[in-house]
Amino acid sequence: MSEFFEGVSKIEFGGPECDDALSFKWYDAEGEVEGIPMRQHLRFAACYWHTMRNTLGDPFGAGTARMPWDDGTESLENASRRVGAFFEFLSKIGIDRYCFHDRDVAPAGESIEETHDNLNQIVAVLEGHQRTHDVRLLWGTACLFDHPRYVHGAATSPSVDVFAHAASQVRRAIDATHRLGGEGYVFWGGREGYDTLLNTDMPRELKHLAAFLRMAVAYKREIGFEGAFYLEPKPKEPTTHQYDFDAATCLNFLREHELLDEFSLNIETNHATLAGHSIEHELHVAAAAGALGSIDANMGHPQLGWDTDHFPTDLYVTTAVMRVVLQMGGFETGGLNFDAKRRRGSFEPVDLFHAHIAGMDAFARGLLIAAEIRKDGRLDQMLHDRYASWDGALGRSIEAGEATLESLESHAMQSGEPALQSGREELLHALVNQFVGGSSGAARR
Ligand code: XLS
Ligand code: NI
Ligand code: NI
């Protein structure tokens, strides 16, 4: 088979001092943190759409990405060759999971039957490569936002016929995910939202969305697909308002429609910031509900709006993410999917390696720093101590639902003006900086 990334060999761990750009400085796959190999903590996945299909075009200019494996046609031959290039990339970078949209692996046909047939053929190709490369599918999904028929939404389209098309597409995408042994399946409502309320019956659309998801759950049972179902929150873009706005909105929707047992969330950093939250906020909201399923690892840019999907290189971000992941005891079915794209100027195939190395090293370092913060214990202790007054009899009675407004009033009368403690915010930031700036950070082998 032909080689597409010539001159790039398997990326190895070289350590922080290594001056080879094509080596990991921090990501030591088998190195142990808290007794578990890094690769198991991090469960990295590469995404097919940005890695293989993003030409790096923007609204002002054409694509720049050089893709020697791609002849630009919609042929199945081209689609299979692309899969070959993707798996060469995965094995050289050392990532053993991936995610895809149905339409970016296989081209649409003239009819539903032809489209399904195309997908089946490419799924067979993916299946073969998964086996020979020992790679797993983290999650699959359906692209319900690109085709013009979804202009007004898919499961929330005002047209029932469009809804039916979307149902068929999701059915086949779940089939494909199931056949490829997917550990999960994502619902990202790209156009499930509105551009203006002047033409939108929001409550009705939301009911349709719930009906759609219920059918997907029924189908999952029917075919015996045991992977996780995730909703991926995002507040806007492409629509003005997206129904899966943020983690809290998604959880409320799932609860209202009695779907909370069937779904968890796939939280994306850049979507969190678009919603006006930090990634920690979104992860904490999801984790508190026992619904932190998986993570789309990227980040935005403070000077740019929208979902710029930068590769995650900010150590404060990766540290914050890994603190939450460690605290919840690791992923079950999820992982860290690089839903990230290179900048338009990084157009050479080798830039795919630089970009993923940057993201993997930033997360490896975030993991090491998070583990050191946990081992040190001061941060957790200070958080714990802040609530110490709740550990007494009074606090416990309130938390157990046994107190009343009257009983609390008599306590307040006896105890007088409460003594307050400083929140020590600046001290806490300085403490975090001691680790982010000073980590020696070697994993144990
Ligand atoms: C787009 C979303 C998308 C999902 C998968 O903003 O992040 O890429 O992850 O459909
Ligand atoms: Ni995403
Ligand atoms: Ni996104």
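What you see is a predicted model, and the numbers here were worked out from it, not measured in a lab. (Residues numbered from 1 in each chain as written. Chains lettered and ligands numbered in written order. Predicted model: local features only at pLDDT ≥ 70, side-chain atom pairs only at ≥ 80, totals over all residues. Heavy atoms only, no water.)

Enquirer: Break down the nonpolar core for me, citing the residues and quoting the values.
Expert: The biggest cluster of nonpolar side chains holds 100 residues, and the ones touching the most others in it are Leu42, Tyr98, Val321 and Leu336. The greatest single-element share of this core, amounting to eleven residues, is contributed by helix 12 (residues 349-376). Listed in part, the twelve residues of the second largest apolar core include Ala45, Trp49, Cys99 and Trp188. (Core = buried A, V, L, I, M, F, W, Y, C linked by side-chain atoms within 4.5 Å. Buried < 20%, exposed > 50% of the residue type's maximum accessible area, 1.4 Å probe, protein only. Helix = DSSP H or I, 4+ residues; strand = E, 2+ residues; numbered from the N terminus.)

Enquirer: Which residues make up the pattern of salt bridges, and what values go with them?
Expert: A side chain with one charge can pair with a side chain of the opposite charge if their charged atoms come near. Enumeration according to the criterion identifies 18 salt bridges in this entry. For arginine 374, the salt bridge goes to glutamate 34, with nearest N and O atoms at 2.7 Å. Of this pair, arginine 374 sits in helix 12 while glutamate 34 sits in the loop between strand 3 (32-33) and strand 4 (36-37), placing them 340 residues apart in sequence. Its relative accessible area of 31% is what places arginine 374 among the partly exposed residues. Exposure remark for glutamate 34: the relative accessible area of 43% places this residue in the partly exposed category. Among the salt bridges present, the one from glutamate 77 reaches arginine 81, with a minimum N-O distance of 3.8 Å. Separated by four residues within a single helix, glutamate 77 and arginine 81 lie in helix 3 (residues 76-93), roughly one turn from each other. In this structure arginine 81 comes out as partly exposed when scored by relative accessible area, which is 26%. What you see here is one network of salt bridges that share partners, running through Arg43, Asp96, Arg97, Arg136 and Glu183. (Salt bridge = Lys/Arg side-chain N within 4 Å of Asp/Glu carboxyl O.)

Enquirer: Account for the coordination of the nickel ion (ligand 2), with residues named and values stated.
Expert: Here the nickel ion (ligand 2) is held by the protein donor atoms Glu232 (OE), Glu268 (OE), Asp296 (OD) and Asp339 (OD), which lie 2.0 to 2.1 Å from it. Viewed at the metal, the six donor atoms of the nickel ion (ligand 2) are separated by angles of 80 to 175 degrees, and the geometry they form is octahedral. Each donor residue of the nickel ion (ligand 2) lies on the same chain, and together they follow the pattern E-x35-E-x27-D-x42-D. Taken as a pair, the nickel ion (ligand 2) and the nickel ion (ligand 3) show a spacing of 3.8 Å, with glutamate 268 coordinating each metal. A residue pair is termed long-range when its members are at least 10 positions apart, and aspartate 296 in strand 13 (residues 292-296) and aspartate 339 in the loop between strand 14 (336-338) and helix 12 qualify at 43 residues. Of the two residues examined, aspartate 296 and aspartate 339, each falls in the buried class. (Donors = N, O, S within 2.8 Å, 3.2 Å for Na, K, Ca; no water. Tetrahedral: all angles 85-135°; square planar, octahedral: opposite > 155°, others 65-115°.)

By themselves, these observations are geometric and do not establish any function.
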